[in-house]
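Summary of structural features
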Number of protein chains: 2
Amino acid sequence: MSGFVGAEAFCDIPTIADVRLAAERLRGRVVRTPLLENAALNEAVGGRVFLKAETLQETGSFKLRGATNRLLQLDDSQRRAGVVAFSSGNHAQGVARAAQVLGVPATIVMPSDAPALKVARTKGYGAEVIFYDRATESREEIAARLAGERGAVVVPSFDDPAIIAGQGTAGLEAAEDLARLGVAPDLFISNCGGGGLASGCTLALREAFPGIRVVLVEPEHYDDAGRSLLAGERLPIEGYAPTLCDALQTPMIGAYTFPILKAAGARGIFVTEAEVMRAVAFAFRELKLVVEPGGAVSLAAVLAGKVEVRDKAAVLTLSGGNVDTETFIRCLSA
Amino acid sequence: MSGFVGAEAFCDIPTIADVRLAAERLRGRVVRTPLLENAALNEAVGGRVFLKAETLQETGSFKLRGATNRLLQLDDSQRRAGVVAFSSGNHAQGVARAAQVLGVPATIVMPSDAPALKVARTKGYGAEVIFYDRATESREEIAARLAGERGAVVVPSFDDPAIIAGQGTAGLEAAEDLARLGVAPDLFISNCGGGGLASGCTLALREAFPGIRVVLVEPEHYDDAGRSLLAGERLPIEGYAPTLCDALQTPMIGAYTFPILKAAGARGIFVTEAEVMRAVAFAFRELKLVVEPGGAVSLAAVLAGKVEVRDKAAVLTLSGGNVDTETFIRCLSA
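Reading guide: rules and limits
- Residues numbered from 1 in each chain as written.
- Chains lettered and ligands numbered in written order.
- Predicted model: local features only at pLDDT ≥ 70, side-chain atom pairs only at ≥ 80, totals over all residues.
- Heavy atoms only, no water.
- Domains from an automatic or database assignment.
- Contact = heavy atoms within 4.5 Å.
- Buried area = accessible area lost by both parts, 1.4 Å probe.
- Salt bridge = Lys/Arg side-chain N within 4 Å of Asp/Glu carboxyl O.
- Polar contact = N/O pair within 3.5 Å; in protein donor to acceptor, adjacent residues only side chain to side chain.
- Helix = DSSP H or I, 4+ residues; strand = E, 2+ residues; numbered from the N terminus.
- Nonpolar A, V, L, I, M, F, W, Y, C, P; charged D, E, K, R; others polar.
- Buried < 20%, exposed > 50% of the residue type's maximum accessible area, 1.4 Å probe, protein only.

Remarks on the domain arrangement of chain A
Residues and elements named next belong to chain A.
- Taken domain by domain, chain A comprises domain 1 (16–61 + 160–333) and domain 2 (64–154).
- Here domain 1 and domain 2 have C-alpha centroids that lie 23 Å from each other.
- Listed by partner, the interface residues are 32 residues for domain 1 and 25 residues for domain 2.
- Summed over both sides, the interface between domain 1 and domain 2 buries roughly 2,300 Å², with carbon and sulfur atoms accounting for 50% of that surface.
- One salt bridge connects Lys-118 with Asp-246, and the closest N-O pair in it is separated by 2.6 Å.
- Linking domain 1 with domain 2 are 16 residue pairs in polar contact (both at pLDDT 80 or more), by the criterion used here.
- Broken down by element, the residue count for the side of domain 1 that touches domain 2 peaks at eight residues, all from helix α8 (residues 161–181).
- Here the side of domain 1 that touches domain 2 is built from residues that sort into 12 nonpolar, 10 polar and 10 charged.

Pasting the structure below:
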């Protein structure tokens, strides 16, 4: 990791070298997910869209990458003391599964309104789950207290160099596959919560394709990354709004992720709930993929014409598929 | 194609050479679909299961392979006169899309109870759709009459050497991917209607892995392939029963497909509607894939323990994902 010069220089920002090291560490431990292209989607938008299908990653989202990369760097005493994480569900599953495979005890702090499927799956991976109220309690404080009591290591969901480097391995794979296809993408369009996946993949894709433009997509009311990039400094979300995109309900872009995205000249846009639901239904009908709402915001942006891809090549993330049956049915019926 | 010695020797049965020629013809014209492995599935069955995800093929099923291989072998006057096909939906879409891409007029004869999604998609590819009553009319006669009137070529849905060879390219890809992984599968488990996909893939997989055992999976009441293999001769289904597996509702295994399956020592089993619905729900929940009931019978057989894969490696087909929203919701709620 190299020091970063500027306003956010208090920490070591990960680089492409860290992403490459993570890829070596993760080899054989995570699924090398396919980069899919779909004729119906291409015809709908008039360009070439390449979908990095992290829905097909083990645990149903990209989060296993970062969690495994972080847990593989624990020392023996840390492994024994275990890990604590807070997450609405995908990071929870990623940490729980990585911990299960590596024999590390895991405690996960989840919001009481987390999708039932995500809670059940997290418990299924052997983790202890503790609930909190998203509107009134601070998950960071709860996790820090638990970590203090148990001597456990907190595994952040995005704002950590090892997590960012791990998520970036998805971008590295996409870059390899695009190079093999002879395609130099014009655009990288990423779902964005705290920016772990977006910043890690940006490192990998900008290394392979220096001219690529980076667009972050967020749900309406959670466009803190877009506003932060416009302002040139990190801004929190304003207030609380319900959203189907639980995976992207982060209060602020990360201190480690923001400088990477800023340096890449990324910009942000947001999509409405209705646009997201239509994208989930499109993925069902045309892509034959189960994508959760928070995993479908980039697809929604492209389908709604909010990112113009006509006559262009774009790579975008389908970041997760952990959606409750009820929510999925609601999207299909919309 | 080589002549086949035996009771069914009235025709040229395709060989692995035909599958290889088809693969050359299809390069760049069909999606090279991923071979997926899923930890939750492996853990559920205690073995390694490799899923050939033809759900991710263009048109949502493997049928584009055979149709394209067949249409590429039309001469100029045949191309102008057009093609006729009869199909409940997946072959319809495959032929319609292949015809659209190659600029050939297509007429598709579909049962009046075909899933609405499949009808809409077939029309969406520019084909003319003509309906018939599955219980009282003969689709073969209707198609033959239309072909006679219009001078068009009938494209059979499975019982044709070019169709079989085309579908076999899915098996060729699976064999390549398995070899790359260093896995020699013990079992090939195939969804089976008329046997086009099953026989084509059997040619490819037995060439690569001579010891592989072939198991065909059919829906209850449509186990004609299994009974035919036991009897050593082709037997039709008995009576008509409603099934969610519209894609596998064929009256009899093919004259071209049966000898290939028989020579491979294939055996057949069947699954119930309830087992199929649970497999569709499992694919939604764990695989994050949309699989239609007829595309999920092999998965159903493995999950129900009807094919034992403990401590074995098996490759199976997820052959299609064209399922109506209502049927899909019904499966998720089962």
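Overview of the pattern of salt bridges
All names here are of chain A.
- In total, this model carries 40 salt bridges over all chains according to the counting rule given.
- Between Arg-65 and Glu-173 there is a salt bridge whose closest N-O contact spans 2.9 Å. Here Glu-173 lies in helix α8 and Arg-65 lies in helix α3 (residues 63–71), a separation of 108 residues in the sequence.
- Relative accessible area serves as the criterion here: at 0%, Arg-65 is assigned to the buried category.
- Taking the relative accessible area as the measure of exposure, Glu-173 reaches 10% and is therefore buried.
- With its nearest N and O atoms 3.9 Å apart, the salt bridge here joins Glu-238 to Arg-227. Of this pair, Glu-238 sits in the loop between α10 (224–231) and α11 (257–263) while Arg-227 sits in helix α10, and the two are 11 residues apart along the sequence.
- On the basis of relative accessible area, Glu-238 is assigned to the exposed category, the value being 66%.
- With a relative accessible area of 22%, Arg-227 lands in the partly exposed category.
- A single salt-bridge network, built from bridges that share partners, covers Arg-32, Glu-176, Asp-177 and Arg-180.

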